[in-house]
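A look at the structure
Take a look at the letters that make up each chain.
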4 protein chains.
Amino acid sequence: MNNEHILKPALDYIPPDLVSISDYERYARHFIRDDIWAYISGGAADEHTLAENLQSFARQPIYNRVLSDFSTANTRTRILGYELDSPLLLAPVAHQRLLHPYGEIATAQAAAAMNVPLIVSTLSSVALEQIAQHAGQWWFQLYWQPQREDNQTLLRRAIQADARAIVITLDAPVSGVRNRAQRAGFRLPDGVREENLVEFATSVNTAAEGESVIFKHFMKQRPSLDDLKWLREQTSLPLLAKGISHPEDAKALQEIGFDGLIISNHGGRTLDGVPATLSLLPAIRIAVGKDMTLLMDSGIRRGTDVVKALAAGADAVCIGRPQLWSLAVAGALGVAHMLRIFQEELEMAMALTGCATIDAISQDVFADRF
Amino acid sequence: MNNEHILKPALDYIPPDLVSISDYERYARHFIRDDIWAYISGGAADEHTLAENLQSFARQPIYNRVLSDFSTANTRTRILGYELDSPLLLAPVAHQRLLHPYGEIATAQAAAAMNVPLIVSTLSSVALEQIAQHAGQWWFQLYWQPQREDNQTLLRRAIQADARAIVITLDAPVSGVRNRAQRAGFRLPDGVREENLVEFATSVNTAAEGESVIFKHFMKQRPSLDDLKWLREQTSLPLLAKGISHPEDAKALQEIGFDGLIISNHGGRTLDGVPATLSLLPAIRIAVGKDMTLLMDSGIRRGTDVVKALAAGADAVCIGRPQLWSLAVAGALGVAHMLRIFQEELEMAMALTGCATIDAISQDVFADRF
Amino acid sequence: MNNEHILKPALDYIPPDLVSISDYERYARHFIRDDIWAYISGGAADEHTLAENLQSFARQPIYNRVLSDFSTANTRTRILGYELDSPLLLAPVAHQRLLHPYGEIATAQAAAAMNVPLIVSTLSSVALEQIAQHAGQWWFQLYWQPQREDNQTLLRRAIQADARAIVITLDAPVSGVRNRAQRAGFRLPDGVREENLVEFATSVNTAAEGESVIFKHFMKQRPSLDDLKWLREQTSLPLLAKGISHPEDAKALQEIGFDGLIISNHGGRTLDGVPATLSLLPAIRIAVGKDMTLLMDSGIRRGTDVVKALAAGADAVCIGRPQLWSLAVAGALGVAHMLRIFQEELEMAMALTGCATIDAISQDVFADRF
Amino acid sequence: MNNEHILKPALDYIPPDLVSISDYERYARHFIRDDIWAYISGGAADEHTLAENLQSFARQPIYNRVLSDFSTANTRTRILGYELDSPLLLAPVAHQRLLHPYGEIATAQAAAAMNVPLIVSTLSSVALEQIAQHAGQWWFQLYWQPQREDNQTLLRRAIQADARAIVITLDAPVSGVRNRAQRAGFRLPDGVREENLVEFATSVNTAAEGESVIFKHFMKQRPSLDDLKWLREQTSLPLLAKGISHPEDAKALQEIGFDGLIISNHGGRTLDGVPATLSLLPAIRIAVGKDMTLLMDSGIRRGTDVVKALAAGADAVCIGRPQLWSLAVAGALGVAHMLRIFQEELEMAMALTGCATIDAISQDVFADRF
């Protein structure tokens, strides 16, 4: 396969000054071609949401507690019936062969080694069956296909390859105003394609001459509420919707039988101006009640961010861009190391906020905003 | 005509990295002479309002909605009895031959091609009749002339040339403390003059020796309330007042029969310290009720800005400086492309905020301020 | 006299790009020696108050009003019984020969030419009698001298030279942590001395060995409440206290017969952390009632700042550092031009906020904070 | 001893432009090796708390008062039964031989000369008995040792060497995510060791293979509530807990007999995101009542900071990093000068806020936040 778009081979060791997630971002810049960097790092429009995803964590203070009992401390949790070592998952991220010759396979190996669930994207650059061979627990992320039968095909393949949950992404019926990537002239290089979709018919513009392509083509291809009900009937696996920011959408999806939601603004990549997910969580948790599974992504870079997300109402968090940075810098080794940093920082954050278990993390860790 | 003040001829194509309104600003810098740049880009005094116009949009978050019905989605709206494809107009902007040899003619051609109403300035650098020949729907913006008959003359010419509405600007009886333009030594170059006014007598300073020129000359020349009532009687065309920032002024103008208002701080060019129009809209909408037509300008740079302005109470928005940037960069082609960017971004913003029609845009799109 | 400390002679014309007060600051940097610049520009400690003086104006929005009647518009006002053309005074500023060979004489000439009252500092570098010869209306600012008779001497001299009001400064019993000036090694150059004080005995440290110089020397030399009552009895001229930031101090001074107060944080030069005077005014106005004269200084750089100060409760404003900048750049001509900029900007600000007279300026001009 | 890690010998004079604590920081940069600088200056993770420690003081305004009686003004106070000249102490800071060949001895000499209590760290690089020989009043800071008898040994040594109070640090059971120091590759150089601990057994990791080192090793080694009760019984000296940020922890420690607390976020070095201690003080003061001794550290750089900390509820403040900067720049002379700056700035701040005694400092000095 053609890997010419890869600027510099991944390292086979971890440099000693690479000690945090932001160090991976800093290093990654040197391994990734400019246009690909613009594509993966950029957000929508003026990137206000992209910045706010980080700022929302930065300005939320937490208490240091010193007297809790840590004799049985651990980070274990139960998500949708599955026991996890830690409330960490890898978010679905497309096109990973942009960053590394093995792409999603390397990521899957690292996730398996670290016992962290991996959510595989519909737009993976390696066929899902191949990824599944290297993965531990994995879930399948579905981008709705215009033909219902194509969705059935994807579901059947995922279930056959032992996916443990299905995640349908709802917040990106159009891909957003990705100006940074556009200015850099990004397009998928020859060596990278969406391997799960090669058998499907290419999408044809359904807008008539002079009609809005956005309204008459893209918005017609996204799943209707009926499609979502139909999808619910296709599988008994846990079903989640990704990209929810409003409490009413959350409740509507709960009512038609969704098991969980991923609160997300797509890493700031679709609608610029959506609040950070940390801000969105409390109202959505109230709306859906304490039992519905709420995951979140967008902006998690620190163990303390995980604690804050859980305190705000999430059950677990999904890691997005750090996957790509660590994959580019050091392949499977990098992704595993990145996950270890998260695990150690999470333990440190729990130790210092006095939360000996995941259940002990509540809004009480929050102090008044700076 | 003398076009020596034009630094660089406009392009006859759109460069591939020119994908947003801010890209036009970036490009335009290279096509525009320093003093002219200072004049068109600058604001009053310390330019706090100029900055706030952009900041007000940047810090207002909006929700991404995922379950709305888009089967009959469109951007059409009705403004003062006119059906528009979209809630977009071109704001009155003076002296466009500063930017392009064809000036307002090129802008009018683009507006006509894109079916966007154009508001022609009293201070246009091409005679209004000539502009009208190339325009689609156009409105006439009136700067009050000291002699009532001169206003009558302008009105008559505009109506004869098929203007569909009259807009009188009230917020600039003095031109403001335009320090950036002053420091750059800007004055109208030889090749550019206010073509609609050449027949009128030059204004003579009415302040006596030692009296305030501002109070005794400029403030005497602006229209009194009686003048505005008189103006209302001169035409049955829709009549709007531009430059309103206070609810009481809005109500007073409504009471004497104005059909609409353009909420504006003149792009930050007159009184520094006026709030952004986004902040002003809600109280004015409450003051005048839901039926009065409210347009707004000052700071619209994104499709999401249009959605936010409408959510805050506007019926449509007017685009100012982006006209000039796109005109300088690529003439009529540039202005048309600029309008297409707005249209596409507006559709994208509506698609992602779950608003399938202009009427569906309400304060519900707003999330709590960052 | 020795003028070696003056870096560059003042201009005898106004450069065309010198159109605002901040332009004077920019120009002045090139006319003033580094250590003197540090002394006059610097504030106390980390200069938070210095910055806040400007920020407080920058973030306070105001409305543009378009329908007021301006037929009898003017900027006249009455302060302590004196008719002024405008609510502008020159604040007491020490050591003006640091900036220009003629020092306070040039400033006085400009003030007289522009009909603006001048407050002469006890620490002037020209004897008050000489300044008075060139001044129009002038007031005398008193720094309390340890010996009551020395204060009597100063008062007698001032009254004899036709001072129209007495201002005693209370906020600088110690000169504050002037780190910027200290780092620059500033001390008064040979050519500049405090001419009004040459006849008085040099102050002797009254603190015993090991005692606090601040508490046992400086704080013993400042006026007690009894001293202030005594001072009140020494003159029938209007008496003001300068440097008031707390409503209770304001009321206490009102009770012992002070006619007016200058709300001030000494231009951010004494206690770092004092709020901007714009923030202090409303509570002090409420405390002393509508009749007591309240002036203010610290941070006035624009005509709109004057309007904001008056809207917040001041009767007039005093201009400090801009005196020095304009004096250094263009001597008396510069100071006069600086005052003309303020007058024109004030008229412009009144015209655009719809305030035709000083009395019409009220809290109604304020919009909600950005 | 090996002092090769010291970049540049300390000065034996104070440069004239070294007039504030921040000047010591600026100077110190040139005396300290990069990795050591990263270790002492850095904070945890993204250093939000480190920045907030300074910002919290910067944005808290205070009033200038002009009429208070200062005839008996002084800075004396009583802390835990000890009369102090001033509400200033030197915080426990480890490893001072990193900065100066004499390390803690030089600091102790300066503290003794200035009559300021010194809190000696368990991790001092000079044996506590040696430090005690040069110190005036000193307290001992205890890092809990895994074996109770080792704590007894340390206590006995401290009491024998005349320590006047015991401070146990509770907020650093793990050392935090010290990324800046990690990136710089900091480790204790050969010439510096923890002299008080050389006789104790090296700590052995108690976590089993695959278990969390943080939970199963570090968190097991920190003192339990029972350990703290035991500690209380070991000494009749005043006992304080350091690193408290939550009112409930404060109350729990009060209930088991602690005499005082040091409100601290460890200079931003352990849990990133803890609020500034200035923000934490009011609620803790309310929780423990007016009689419990509350000290604070983290971010004190100015005399006004001391006033603000006391106004917010502290009885005295501890100075941390400025010790190290001044020690590196000018040894004992530097530390003494640094303390003199604090004393003079405190007197100046009291003089200008109208607080003639420490008891007079209350929340009344605060104005509304900028």
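Residues numbered from 1 in each chain as written. Chains lettered and ligands numbered in written order. Predicted model: local features only at pLDDT ≥ 70, side-chain atom pairs only at ≥ 80, totals over all residues. Heavy atoms only, no water.

As for the overall build of chain A
Helix and strand content of chain A: 13 helices and 10 strands. On C-alpha atoms alone, chain A measures out to a radius of gyration of 20 Å, which is about the 21 Å that the 2.2 N^0.38 rule sets for 370 residues. With the C-alpha coordinates aligned to their principal axes, the bounding extent of chain A is approximately 65 × 50 × 40 Å. Here chain A, with 370 residues, has 67% of them falling under the buried criterion. Look at the contacts in chain A between residues 6 or more apart in sequence, and 73% of them connect residues 24 or more apart. Summed over its atoms, the accessible surface of chain A is roughly 13500 Å², and 47% of this surface lies on carbon and sulfur atoms. Treating the 34 positive side-chain charges of chain A as one cloud and the 43 negative ones as another, the clouds have centres 2 Å apart. (Helix = DSSP H or I, 4+ residues; strand = E, 2+ residues; numbered from the N terminus. Rg over C-alpha atoms; globule rule 2.2 N^0.38 Å. Buried < 20%, exposed > 50% of the residue type's maximum accessible area, 1.4 Å probe, protein only. Contact = heavy atoms within 4.5 Å. Areas by Shrake-Rupley, 256 points an atom, 1.4 Å probe, with all protein chains shown as cover. Lys, Arg positive; Asp, Glu negative; His and termini not counted. Charge placed at Lys NZ, Arg CZ, Asp CG, Glu CD.)

Things to note about the relation of the copies chain D and chain A
By a simple turn and slide, chain D fits onto chain A: the slide is 0.0 Å along the axis, the RMSD is 0.0 Å, and the turn is 90 degrees. Taken together, the rotation angle and the small translation identify this as a four-fold axis. (Least-squares fit on C-alpha atoms with pLDDT ≥ 70 in both.)

Structural notes on the packing of helix H10 (residues 247–255) of chain A against helix H11 (residues 277–288) of chain A
Residue and element names in this part refer to chain A. Running from amino to carboxyl end, H10 crosses H11 at an angle of 35 degrees, the nearest separation of the two axes being 9 Å. When the axes of H10 and H11 are compared, the crossing they make is right-handed. On H11, the residues that touch Pro247, Ala250, Lys251 and Gln254 of H10 are Ala283, Ile284, Ala287 and Val288. (Axes fitted to C-alpha atoms, helices over the stretch in contact; angles between N-to-C directions. Left-handed = near helix turned anticlockwise from the far one by under 90°.)

So, the interface of chain D and chain A
The interface of chain D with chain A comprises 39 residues on the first partner and 36 residues on the second. A combined buried area of about 3100 Å² lies between chain D and chain A, and 62% of that area is made up of carbon and sulfur atoms. When residues of chain D are sorted by the area they lose upon contact with chain A, Arg183, Phe215 and Leu271 of chain D head the list and together hold 22% of the total. Taken together, the connections running from chain D to chain A amount to 4 salt bridges. Put simply, Arg183 of chain D and Asp23 of chain A hold a salt bridge, and the shortest N to O gap is 2.6 Å. Put simply, chain D and chain A have 14 residue pairs in polar contact (both at pLDDT 80 or more) between them. By residue number, the principal contributor to the side of chain D that touches chain A is helix H8 (residues 213–221) of chain D, which donates 5 residues. Looking at the side of chain D that touches chain A residue by residue, the classes come out as 17 nonpolar, 10 polar and 12 charged. (Buried area = accessible area lost by both parts, 1.4 Å probe. Salt bridge = Lys/Arg side-chain N within 4 Å of Asp/Glu carboxyl O. Polar contact = N/O pair within 3.5 Å; in protein donor to acceptor, adjacent residues only side chain to side chain. Nonpolar A, V, L, I, M, F, W, Y, C, P; charged D, E, K, R; others polar.)

Notes on the arrangement of the chains
Kept free of each other, chain A and chain C leave a smallest C-alpha distance of 18 Å between them. Between chain B and chain D there is no contact; the minimum C-alpha to C-alpha separation amounts to 18 Å.

Description of the interface of chain B and chain C
Across the boundary between the two partners, chain B contributes 39 residues, which contact 36 residues of chain C. Where chain B abuts chain C, roughly 3100 Å² becomes buried across the two surfaces, and 62% of that area is made up of carbon and sulfur atoms. A per-residue breakdown of the area chain B buries against chain C is headed by Arg183, Phe215 and Leu271 of chain B, which together make up 22% of the total. Where chain B touches chain C, the interface holds 4 salt bridges.

Observations regarding the environment of Asp368 of chain A
Relative to the helices and strands, Asp368 of chain A is located in the segment after helix H13 (321–353). For Asp368 of chain A and Arg187 of chain A, which are 181 residues apart along the polypeptide, the C-alpha to C-alpha distance reads 44 Å.

Topic: the pattern of salt bridges
Residues and elements named next belong to chain C. The full count for this structure, using the stated rule, is 84 salt bridges over all chains. A salt bridge links Arg26 to Asp17, with the shortest nitrogen-to-oxygen separation between them at 3.9 Å. Arg26 sits in the partly exposed class, given a relative accessible area of 39%. A salt bridge links Asp162 to Arg164; its shortest N-O distance comes to 3.4 Å. Taking the relative accessible area as the measure of exposure, Asp162 reaches 43% and is therefore partly exposed.

Topic: helix H1 (residues 21–28) of chain A
Within H1 of chain A the residues assigned to the buried category are Ile21, Asp23, Tyr24, Tyr27 and Ala28 of chain A. The arc enclosing the buried residues of H1 of chain A, seen along the axis, measures out at 155 degrees, which places them on a common side. Tucked into the core, H1 of chain A has its buried residues touching helix H2 (34–41) and H13 of chain A together with helix H7 (179–183) of chain D. (Arc of directions from axis to C-beta.)

A word on the confidence of the model for chain A
In this model, chain A carries a mean pLDDT of 97, and residues with pLDDT of at least 70 account for 100%. Scoring of the predicted complex yields 0.97 for pTM and 0.97 for ipTM. (pLDDT = per-residue confidence, 0-100.)

Describing the pairing of strand S10 (residues 316–319) of chain C
Residue and element names in this part refer to chain C. The alternating pattern of S10 places Ala316 and Cys318 on one face and Val317 and Ile319 on the opposite face, and all of these are buried. Direction of pairing for strand S3 (residues 88–90) relative to S10: parallel, over a ladder of 3 bridges. By the bridge assignment for S10, Leu88 is matched with Val317. With 2 bridges connecting them, strand S9 (residues 293–296) and S10 associate as parallel partners. The residue of S10 that forms the bridge with Leu295 is Ala316. In this fold, S9 hands off to helix H12 (residues 303–311), which returns the chain to S10; that crossover is right-handed. (Pairing = 2+ DSSP bridges. Right-handed = clockwise from strand over helix to strand, strands pointing away.)

What to know about the nonpolar core
The biggest cluster of nonpolar side chains holds 536 residues, and the ones touching the most others in it are Trp138 of chain A, Trp138 of chain B, Trp138 of chain C together with Trp138 of chain D. Trp138 of chain C has contacts with Leu118, Val120, Leu128, Ala132, Ala158, Ala161, Asp162, Ala163, Arg164 and Ala165 of chain C, leaving out every residue within four places of it along the chain. (Core = buried A, V, L, I, M, F, W, Y, C linked by side-chain atoms within 4.5 Å.)

Some details on the packing of aromatic side chains
For any pair of aromatic rings, the description rests on two quantities: the centre-to-centre distance and the angle between the ring planes. Scanning all chains against the criterion turns up 13 aromatic pairs over all chains. Both rings, one in Phe215 of chain B and one in Phe70 of chain C, keep their centres 5.9 Å apart while their planes meet at 45 degrees; by these two values the pair is tilted. Taken together, the residues Phe215 of chain B in helix H8 (residues 213–221) and Phe70 of chain C in the loop between helix H3 (48–58) and strand S1 (77–79) connect one chain to another. Given the relative accessible area of 2%, Phe215 of chain B is considered buried. According to the relative accessible area criterion, Phe70 of chain C is buried, its value standing at 4%. Its end group placed over the ring of Phe31 of chain B, Lys8 of chain B keeps NZ or CZ at 4.6 Å from the ring centre. In this arrangement the basic side chain of Arg269 of chain C is found over the ring face of Tyr39 of chain C, its NZ or CZ atom lying 4.9 Å from the centre. (Phe/Tyr/Trp six-rings, centres within 6.5 Å; stacked < 30°, edge-to-face > 60°. Lys NZ or Arg CZ within 6 Å of the ring centre and 35° of its normal.)

Describing the side chain of Asn53 of chain B
Residue and element names in this part refer to chain B. Looking at the element boundaries, Asn53 is found in helix H3 (residues 48–58). Overall, Asn53 belongs to the buried group, its relative accessible area being 3%. Excluding anything up to four places from it in sequence, Asn53 contacts Asn265, Gly267, Gly268, Ala276, Thr277, Ser298 and Gly299.

Some points on unusual backbone geometry
Unusually for a residue other than glycine, Asp162 of chain B sits at a positive phi of about 75 degrees. Turning to its location among the elements, Asp162 of chain B is positioned in the loop between helix H6 (148–160) and strand S6 (166–169).

Details of the environment of His95 of chain B
Residues and elements named next belong to chain B. As for its placement among the helices and strands, His95 is situated in the loop between strand S3 (88–90) and helix H4 (104–114). Classification of His95 as buried rests on a relative accessible area of 5%. Residues His95 and Leu80 lie 15 residues apart in sequence; the distance between their C-alpha atoms is 27 Å. Within the local environment of His95, its side chain forms a polar contact with the side chain of Tyr39, the two groups lying 3.2 Å apart.

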